Structure formats: structure tokens, C-alpha cells
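# Analysis of the macromolecular model
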Amino acid sequence: MTDKDVEQTYERGDDSGPWWADLGAWGAVALIVFGGLAAVWVFFRLPGSPEELATSYYQAAKVVCIGLVIAGSALLGRRRAPAAATEGTNETNEPERA
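Each value, and the rule that gives it
- Residues numbered from 1 in each chain as written.
- Predicted model: local features only at pLDDT ≥ 70, side-chain atom pairs only at ≥ 80, totals over all residues.
- Heavy atoms only, no water.
- Helix = DSSP H or I, 4+ residues; strand = E, 2+ residues; numbered from the N terminus.
- Buried < 20%, exposed > 50% of the residue type's maximum accessible area, 1.4 Å probe, protein only.
- Polar contact = N/O pair within 3.5 Å; in protein donor to acceptor, adjacent residues only side chain to side chain.
- Contact = heavy atoms within 4.5 Å.
- Patch = residues over 30% accessible without salt bridge, like charges linked within 9 Å, V, L, I, M, F, W, Y side chains within 5 Å.
- Areas by Shrake-Rupley, 256 points an atom, 1.4 Å probe, with all protein chains shown as cover.
- Salt bridge = Lys/Arg side-chain N within 4 Å of Asp/Glu carboxyl O.
- Phe/Tyr/Trp six-rings, centres within 6.5 Å; stacked < 30°, edge-to-face > 60°.

## Digging into the overall build of the protein
- Tallying secondary structure elements over the protein gives two helices and zero strands in all.
- Considering the protein as a whole, with its 98 residues, one finds that 14% of them fall into the buried category.

Following this line, the structure appears as C-alpha cells:
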């Protein structure tokens with residue numbers, strides 16, 4: 001049996017990225033709110049909160065931080081998009097020189 005006869009079940013070029021890569025701005029807001037609610041849940045020691053509070057706060061803070069990074073990236077992307085579109089226009093109406 002040769003390598004060509006064996007069916008490949010995976011793609012080597014398939015790099016879909018992390019789970020949070022395509023959330024966008026609203027997904028970031030949802031992560032921030034969810035992390036905040038998780039921290040409040042642990043603070044009030046509601047049912048289901050673990051005994052080790054520091055670990056729970058750490059996990060909630062990680063979720064909030066991921067949300068903040070995604071929100072910042074989305075806002076920077078929106079801010080830079082109009083600037084990149086206006087750079088391509090020639091405001092002086094002069095032909096470009098090579």
C-alpha cells in the first residue's frame with residue numbers, strides 16, 4: 001500500500017485559530033459580562049461555586065481579559081479601516097509619479 005492509497009483524515013493547512021478568534025465586538029462584550037457575572041457568583045458564594053475562591057477569580061479574570069483584548073482589537077480594526085480607505089485616494093488630483 002502506498003501513501004497515495006491511504007486516505008488522509010486531516011488537513012495540514014487547516015489552522016482555524018483559537019476558539020475566540022471570530023467572536024467580534026459583541027462576542028467580546030458577552031465575554032466581559034460573563035466573566036463579571038462569574039466573579040460576582042463566586043463573590044456571593046452562590047451554589048456551585050468552588051471552595052478555592054482564588055482559582056475561581058483567576059478563571060473569571062481570564063475570561064474578562066480575553067474579552068477586553070478582543071474588544072480592543074475590534075475597535076482598532078474599525079478605526080483603522082476608514083484611515084486605510086482614505087490613504088488610497090489622491091486628494092490633490094495630481095497624477096502619481098513613479
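Now, onward.
## Some details on the environment of Val40
- Tracing the sequence through the fold places Val40 in helix α1 (residues 24–43).
- Residue Val40 is classed as partly exposed on the basis of its relative accessible area, which comes to 41%.
- As a C-alpha pair, Val40 and Tyr57 span 17 residues in sequence and 9.2 Å in three-dimensional space.

## Here's the deal with the side chain of Ser49
- Following the sequence through the fold, Ser49 ends up in the loop between α1 and α2 (53–87).
- Of the polar contacts made by the side chain of Ser49, one reaches the backbone oxygen of Leu46; its length is 2.9 Å.
- Apart from residues no more than four positions distant in its own chain, Ser49 is found in contact with Trp41 and Val42.

## Brief notes about a nonpolar patch on the surface
- On the surface, Val40, Trp41, Phe43, Phe44, Leu46 and Tyr57 cluster together into a nonpolar patch covering about 600 Å² of accessible area.
- Topologically, Phe43 is positioned in helix α1.
- Owing to a relative accessible area of 55%, Phe43 belongs among the exposed residues under this scheme.

## Quick look at the packing of aromatic side chains
- One pass over the full model with this rule turns up one aromatic pair.
- Pairing Phe43 with Phe44 gives two aromatic rings, centres 5.2 Å apart and planes at 75 degrees, and the pair type is edge-to-face. Pair check on accessibility: Phe43 and Phe44 agree, each one exposed.

## Here's the deal with unusual backbone geometry
- Even without a glycine there, the phi angle at Arg45 is positive, about 50 degrees.
- Tracing the sequence through the fold places Arg45 in the loop between α1 and α2.
- A relative accessible area of 58% places Arg45 in the exposed class.

## Brief notes about the environment of Tyr58
- Within the secondary structure, Tyr58 is located in helix α2.
- Accessibility expressed as a relative area gives 51% for Tyr58, which makes it exposed.
- When the C-alpha atoms of Tyr58 and Ala39 are compared, they prove to be 8.9 Å apart, with 19 residues separating the residues in sequence.

## Focus: the environment of Gly67
- Mapped onto the elements of the fold, Gly67 is located in helix α2.
- C-alpha of Gly67 to C-alpha of Leu31: the two residues are 36 residues apart in sequence and 5.0 Å apart in space.
- Each residue touching Gly67, except ones within four places of it in the same chain, is listed here: Ala28, Leu31 and Ile32.

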